[in-house]
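# Structure at a glance
So you can see what is in the structure, the chains are spelled out below.
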Amino acid sequence: MSTLHDESLLSPSQIQTYLKDGILVVPLLSSEELLEAQRGMVTTLREEYGVDVHNLEETGWKLMNASSTLGAGGVLDIFYPDWKMKIATNENLFRMTCQLWKEAYCHNGESLEDLLSTMEDGCNESFKWHPFGAFDYNKGYMYIDRIGYRIPTELAERIGQDIEKNKQQNDKYSNHSRSKKPRPIQRSLTPHFDCCPETYHDEKNKSKWRPIQCFVSLTDNIHPNTGGFEAVPGFHREFLTWTKDERQTTRPQQHADREHSSLSMPHPRSCVGEYTHLHPNHDRELIKRVQHIPVTAGSAVFWDNRIPHGNSYMNNPLNLNESSIRNNEESSKVLGSSGSRSVIYCSFLPDVSVNRSFVKSQLTYWKLKRPPKVGDRWIKLDKSNESIGEVSPHRDIDCTTQLEANVTDLGRRLLGLDEW
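All of the points below concern the structure found in this document.

Rules and cut-offs
Residues numbered from 1 in each chain as written. Predicted model: local features only at pLDDT ≥ 70, side-chain atom pairs only at ≥ 80, totals over all residues. Heavy atoms only, no water. Helix = DSSP H or I, 4+ residues; strand = E, 2+ residues; numbered from the N terminus. Buried < 20%, exposed > 50% of the residue type's maximum accessible area, 1.4 Å probe, protein only. Contact = heavy atoms within 4.5 Å. Areas by Shrake-Rupley, 256 points an atom, 1.4 Å probe, with all protein chains shown as cover. Pairing = 2+ DSSP bridges. Axes fitted to C-alpha atoms, helices over the stretch in contact; angles between N-to-C directions. Phe/Tyr/Trp six-rings, centres within 6.5 Å; stacked < 30°, edge-to-face > 60°. Disulfide = S-S within 2.5 Å. Parallel < 35°, antiparallel > 145°, perpendicular 65-115°, else oblique. Arc of directions from axis to C-beta.

### Details of the overall build of the protein
Looking only at helices and strands, the protein has 13 helices and 17 strands in total. Relative to its full complement of 420 residues, the protein shows a buried share of 50%. Counted over contacts in the protein with a minimum sequence separation of 6, partners at least 24 positions apart contribute 81%. Total accessible area computed for the protein in this model is approximately 20800 Å², and 47% of it derives from carbon and sulfur atoms.

### Some thoughts on the sheet that holds strand β14 (residues 299-304)
What the six strands build is an open sheet, ordered β1-β14-β8-β16-β6-β2; its pairing is antiparallel. With one partner strand each, in any of the chains shown, β1 (23-27) and β2 (75-76) form the two edges of the open sheet. Of the strand pairs in this sheet, β2 and strand β6 (residues 147-150) are connected by two bridges, and their pairing is antiparallel. Within the sheet, the bridge partner assigned to Leu76 lies in β6 and is Ile147. Sheet strands touched by helix α2 (residues 31-49): β2, β6, β8 (212-217) and β16 (341-345). Its angle to β6, the strand with the most contacts, is close to 75°.

### Quick look at the packing of aromatic side chains
Inspection of the entire model under this criterion finds 18 aromatic pairs. Here the aromatic rings of Phe239 and Trp242 are separated by 6.4 Å at their centres, their planes lie at 35°, and the arrangement is tilted. Of the two residues, Phe239 and Trp242 are both situated in helix α8 (residues 239-245); the distance of three residues between them amounts to about one turn of the helix. On the accessibility criterion, Phe239 (1% relative accessible area) is buried. By way of ring pairs, the aromatic residues Phe94, Trp101, Phe132, Phe135, Trp209, Phe348 and Trp420 are connected into one cluster.

### Topic: the state of the cysteines
This structure, assessed with the given rule, holds one disulfide. Between the sulfur atoms of Cys196 and its disulfide mate Cys271 the distance is 2.2 Å. One disulfide, between Cys196 and Cys271, carries an S-S torsion of 80° and so falls in the right-handed class. Here Cys196 is found in the loop between β7 (192-193) and β8, whereas its partner Cys271 is found in the loop between β11 (260-265) and β12 (276-277), with 75 residues between them in sequence. Like Cys271, Cys196 is buried. The closest cysteine sulfur to the non-disulfide-bonded Cys346 is located on Cys214, 4.6 Å from its own sulfur.

### Description of the packing of α2 against helix α10 (residues 328-335)
Packing of α2 against α10 brings their axes to within 9 Å, and their N-to-C directions diverge by 10°. By the criterion of interaxial angle, the relationship of α2 to α10 is roughly parallel. Across the interface between the two elements, Leu35, Gln38, Arg39, Met41 and Val42 of α2 pack against Glu330, Ser331, Val334 and Leu335 of α10.

### Thoughts on α10
In an α-helix, one full turn covers 3.6 residues, which means residues spaced three or four apart are oriented alike. Among the residues of α10, those classed as buried are Ser331, Val334 and Leu335. The buried residues of α10 occupy an angular sector of 80° when projected down its axis, which confines them to one face. Every exposed residue of α10 that faces more than 90 degrees away from the buried side is listed here: Glu329 and Lys333. Residues of α10 that are buried in the fold lie against α2. Looking one or two residues past α10, Gly336 carries a phi angle of roughly 80°, positive in sign.

Here it is as structure tokens:
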């Protein structure tokens, strides 16, 4: 099947913003599409998990059943509902990604040495290099990700206190002593990379290559400290130098002859897969540069995976009357007045060898409707899910045909059901 037409949805100034900052916020959904996604999310939370967004005081604790991250960032293990997959296979979203692949990443097999000697606006273009070789920037695959639904901090703390109080009451009756600090059911996602700096420029032992991360926001996060996206603009251009010069730490040493020297030591927080936590002491100066990125409901946010990012430490929502959610009256009826932050994580993988293998494995989980184990999704599966084996013919007949019936032609290619 042929590739999509090479159409430019992003303006030259938007491309330049991404090249400079490694972050781009773009309007994507219409008011109708936004409202449809909001309704879908609310329905899934209610029907699948028993969470009523209009009564989080009594039902919010059930969000714990949807999170394998222990509440970090409000990330929920919701992968496959139709409303979510519709956003994740949005044609304009994919075309924007293709345009960014074309402009911001090597796709003709350029060498790092070539880029170090190529200057643009007084800077070399080494930040565009990667080790995965040439690729067609108009072809790619979806990375099936989760959603984010982060409730206000005070509410998360209050529910956590109630849970701990109930546990202590039960322990009292069962003659077990217990003294434990209440833990909020959700917390912020602290600044991190979704790549390993030490191995970034090495294609060995990689499960996938995802140069651009993305989410589509279902709520406004215009103001800081409302649970929204935070990042360090422009750091992708410094990443290579930082990895070589500042990722290592030094420790002073004093020898017997009283001469002083320093010993290079590994970073105090090594990578866990492709997740790299920023250390509050060693990376203090970098963390100081993290800033709030304003986002309106219905917008897509793209960022280079070398950009340190997270979400704000607090979610202290503004008064509802000060909110500016597009189609505010209808959205308020759907989402309620809690001030929870809602996003759909949805990104794409370029058509390179490692990603083709990744998508084959991911597709098997999609057919089974099980949480995907491949990739860095921090999911802890029970023993019954450790090995998925082959998809049974009966499963194919009874379920997969119905699944595929809801997938667009583009979606089939993005999922790996059809070849490009």
